[in-house]
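The lines below spell out each chain.
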Amino acid sequence: MKIDIVSVFPEYFDVLNLSLFGKAQAKGLVEVKAHNLRDWTHDVHHSVDDTPVGGGAGMVMKPEVWAECLDELLGLEPVAAAGHDGDGNMKSSATDRSDTVSDDTSDQQSIGAVRDEVDVAAVDIEDAASAPQASISDSNGRADGPVLIFPNPSAPLFTQRDATELSHAGHLLFGCGRYEGYDARIPDYYRAQGVDVREYSIGDYVLNGGEVAVSVMLEAITRLLPGFMGNAESIVEESYTGENALLEHRQYTKPAEWRGIRVPDILLSGDHGKVDRFRRDEALERTNAIRPDLIEQLDCAALDKADRKT
Ligand code: ADE
């Protein structure tokens, strides 16, 4: 699996060289590259953000810089789009990453004119936000097309189901927003180009930027890759896995008694049937108490007779 991450703090991802992720890279299971968004800027300050249109606090990440970066990483033709500079003057953005803007933009502008015919504004934003995010077709091997993922506290929640689906992708490209977020036209534009674009929140709280959220999603996805974890069974059994996800039962190790607290006797009985029943009951009880929403989502047909009694 190829993984590109774009951030204004690419060093944040240096930790991916450690631990299981580092081993997975060494084994060739994943190939990760963290890029600095500022490498695609052309101004002397390497600015990536601007004030929000319509007013408001904070800064919003600019679409032009992201687009040059994403076009390149997605392998799309670069586009020289006419825009306005901060003073309201028309200007043409460069498509190469040198600091000098070339005068010869005629070819680039003609590509831009073709691309401009794509009516980005016509993307039905409600559809994009509420529809289940596009599915990766392939269930056996890797899907071909890249998946572009933006963490966003205002997006649908990222779940184990999403992690499982994305673990079948061949190429993931994560874009980390900072400040007040990124210009909303960026995901709309790439959707209109036919790219599989996802926006996910990792929880109902606001972080300073997307880096932590990307790390969370990345770990949830890559640990599902065959060969990533030493013990594949532990993945099958753990919480949130499968159609009928329950919180996992509690775990104990030796000694049987520690500081006066005993491991439940049944777990020491050696009777695997009883142990399984005990664990299943505990999973159901804990899920009912802590996450009743998961119980509501359970498929009743998948409950066994003994479950119904608990
Ligand atoms: N960026 C800031 N907060 C976030 C969250 N909760 N999930 C995803 N991205 C975020």
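Residues numbered from 1 in each chain as written. Predicted model: local features only at pLDDT ≥ 70, side-chain atom pairs only at ≥ 80, totals over all residues. Heavy atoms only, no water.

**Regarding the overall build of the protein**
Next up, step 1: For the protein, the count of helices and strands is 11 helices and 11 strands.
Next up, step 2: Considering the protein as a whole, with its 310 residues, one finds that 38% of them fall into the buried category.
Next up, step 3: Put simply, 72% of the contacts in the protein that link residues at least 6 apart link residues at least 24 apart.
Next up, step 4: Just so you have it, the protein exposes about 18200 Å², and 52% of that area is on carbon and sulfur atoms. (Helix = DSSP H or I, 4+ residues; strand = E, 2+ residues; numbered from the N terminus. Buried < 20%, exposed > 50% of the residue type's maximum accessible area, 1.4 Å probe, protein only. Contact = heavy atoms within 4.5 Å. Areas by Shrake-Rupley, 256 points an atom, 1.4 Å probe, with all protein chains shown as cover.)

**Observations concerning the pairing of strand β9 (residues 196-200)**
Next up, step 1: Across the five residues of β9, five count as buried, placing the element largely inside the fold.
Next up, step 2: Both strand β7 (residues 147-151) and β9 contribute to a ladder of five bridges, which runs parallel. Note that in β9 the partner of F150 across the bridge is E199. (Pairing = 2+ DSSP bridges.)

**A word on the nonpolar core**
Next up, step 1: Counting residues in each nonpolar core, the largest one holds 29 residues, and the members touching the most others are I3, I5, L166, L172 and F174.
Next up, step 2: Mapped onto this core, the elements with two or more residues apiece are β1 (2-7), α1 (19-26), β7, α5 (160-166), β8 (171-175) and α7 (210-222).
Next up, step 3: The next biggest cluster of nonpolar side chains, apart from the first, holds 22 residues, and it includes V6, L37, W66 and L70. (Core = buried A, V, L, I, M, F, W, Y, C linked by side-chain atoms within 4.5 Å.)

**Looking at unusual backbone geometry**
Next up, step 1: With an omega of 5°, the peptide bond running from K254 to P255 counts as cis.
Next up, step 2: Examined against the element boundaries, P255 turns out to sit in the loop between α8 (232-237) and β10 (257-258).
Next up, step 3: In this structure, S19 is a non-glycine residue whose phi angle is positive, near 55°.
Next up, step 4: Classification of S19 as exposed rests on a relative accessible area of 61%.

**Quick notes on the site of the ligand**
Next up, step 1: As a structural note, the neighbourhood of the ligand is formed by P151, N152, P153, Y200, S201, I202, G203, Y205, V206, L207, G209 and A213.
Next up, step 2: G203 is positioned with one of its backbone polar atoms (N or O) 3.2 Å from a nitrogen atom of the ligand.
Next up, step 3: Between a nitrogen atom of the ligand and a main-chain N or O atom of Y205, the distance comes to 2.7 Å.
Next up, step 4: Contact with the protein chains removes 96% of the 260 Å² of surface that the ligand exposes when unbound.
Next up, step 5: Considering only residue class, the shell around the ligand consists of eight nonpolar, four polar and no charged. (Near = heavy atom within 4 Å. Polar contact = N/O pair within 3.5 Å; in protein donor to acceptor, adjacent residues only side chain to side chain. Nonpolar A, V, L, I, M, F, W, Y, C, P; charged D, E, K, R; others polar.)

**Some thoughts on helix α9 (residues 272-290)**
Two residues of an α-helix separated by three or four positions point the same way, owing to the 3.6 residues in each turn.
Next up, step 1: For α9, built from 19 residues, the straight-helix expectation of 27 Å at 1.5 Å per residue is met to within 8% by its first-to-last C-alpha distance of 26 Å.
Next up, step 2: Where α9 begins, one side-chain oxygen reaches toward the backbone nitrogen of G273, 3.1 Å away; that side chain belongs to D271. (Expected span 1.5 Å × (residues − 1).)

**With respect to the environment of L166**
Next up, step 1: Inspection of the secondary structure assignment puts L166 in helix α5.
Next up, step 2: What makes L166 buried here is its relative accessible area of 0%.
Next up, step 3: A C-alpha to C-alpha distance of 8.2 Å links L166 and V147, two positions 19 residues apart in sequence.
Next up, step 4: In contact with L166, other than residues within four places in its own chain, are M1, I136, V147, I149, F158, L172, R198, Y200 and I221.

**What about the sheet that holds β9?**
Next up, step 1: Taken together, five strands build an open sheet; the order of strands is β2-β1-β8-β7-β9 and the sheet is parallel. The open sheet has two edge strands with one neighbour each: β2 (31-36) and β9. In this sheet, adjacent strand axes meet at a mean angle of 20° when their direction is disregarded.
Next up, step 2: The strands touched by helix α2 (residues 63-74) within the sheet are β1, β2, β7 and β8, with β8 carrying the most contacts at an inclination of about 170°. (Axes fitted to C-alpha atoms, helices over the stretch in contact; angles between N-to-C directions.)

So, to be careful, I would describe these as geometric facts and stop short of saying anything about function.
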